[in-house]
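Reading the structure
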Amino acid sequence: MEGRLHVKTVDRAARRRMSSTERRQQIVSRAAGLFDKTGYSSTTMDDIAKEVGVAKPTLYHYFPSKDDILHAIHEEFIDLLIDRHEARSETGLRAEQLLLEVMADILELMETHRGHVRVFFEHHRELPAEARGPIKAKRDRYERIVEDLIAAGVESGVFRQADPHLAALAAFGMCNWAYQWYRPGGRLRSRELAYQFWNYLVYGLGTDQLTPAAARAVPPA
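Report follows, based on the coordinates. Residue positions are given per chain, counted from 1 along the sequence in the order it is written. Given that the model is predicted, a residue must reach a pLDDT of at least 70 before its local features are reported, and side-chain atom pairs must reach 80 or more before they are shown or counted; all residues, however, enter totals for whole chains, interfaces and linings. Side-chain figures throughout are based on the complete set of non-hydrogen atoms in the structure, without hydrogens or water.

Relative to the assigned elements, D105 resides in helix α6 (residues 95-112). Exposure categories follow from relative accessible area, calculated using a 1.4 Å probe and restricted to protein chains: below 20% of the type maximum is buried, above 50% is exposed, and the middle band is partly exposed. Classification of D105 by relative accessible area gives buried; the value is 2%. Any pair of residues with heavy atoms lying within 4.5 Å of one another is described as a contacting pair. Sequence-distant contacts of D105, that is, excluding residues within four places in its chain, are made with L81, R84, H85 and R88. Only DSSP runs of H or I with at least four residues qualify as helices, and only runs of E with at least two residues qualify as strands; both kinds are numbered from the N terminus onward.

Right, dumping it as structure tokens:
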């Protein structure tokens, strides 16, 4: 009994020492976890307040509504992706290396920000109307980043001639929905999975027996 009381006292003291920014971050992180477990529509502000360990008026001080928390999760996730890419864009990595890192970013966030990943891909339609435009602009910007690095790879000769938009969609198609079946601690770590996906995208499944001419000769379904 005394041990539990001590833990609660320590938790309350830690919460009091948090800055406003840290508190907002904690709320966003805990809410994302709840949305992942119980769904966005089923989670209430009461649930979030209990999960964070704050009174409901305190939660409303930081976020006037659940929609505002949803917006913050979306913004934090897409900003993480953009910031990570921009941080390495001046390091001299080649286009194919940058593409691998982009794919790894999405998949590694399944381990560190799983709730964010689910919310970002499943609950963008629930965003408040005033938030949809800015978030869509950031999503579109990130898609253009990936398209541009593929186009750069084509121009430099490391990638064959291909439609950068379709190639980017193929990369996103492999990575964006992996959270639905990927489980941390399984056979592959997220970065190993990223390398496998990247390998399929860049080199394909064919062996030397499947020449480019033979591949083009396969009739469409």
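On to the nonpolar core, then. Put simply, buried Ala, Val, Leu, Ile, Met, Phe, Trp, Tyr and Cys residues joined by side-chain atoms within 4.5 Å make one nonpolar core. Counting residues in each nonpolar core, the largest one holds 38 residues, and the members touching the most others are L99, L107, Y142, V146 and I150. Only α5 (66-88), α6, α7 (114-122), α8 (129-156), α9 (164-175) and α10 (190-203) provide two or more residues apiece to this core. Each residue touching I150, except ones within four places of it in the same chain, is listed here: L99, F159, P164, A167 and A168.

Here we take up the packing of aromatic side chains. Two aromatic rings, drawn from Phe, Tyr or Trp (for Trp, its six-membered ring), form a pair once their centres lie within 6.5 Å of each other, and the interplanar angle then sorts them: stacked below 30 degrees, edge-to-face above 60, tilted otherwise. Inspection of every chain in the model, using the stated rule, returns 11 aromatic pairs. Taken together, a centroid distance of 6.1 Å and an interplanar angle of 40 degrees make the contact between Y142 and F172 tilted. Taken together, the residues span a long stretch of sequence, with Y142 in helix α8 and F172 in helix α9 at a distance of 30 residues. Judged on exposure class, the residue Y142 and its partner F172 are both buried. Through pairs of rings, three or more aromatic residues link up here, namely F77, F120, F121, W177 and Y179. Only when the NZ of Lys or the CZ of Arg is both within 6 Å of the ring centre and within 35 degrees of the ring normal is a charge said to sit over the ring. The residue whose ring lies beneath K66 is Y40, and the NZ or CZ to ring-centre distance is 4.3 Å.

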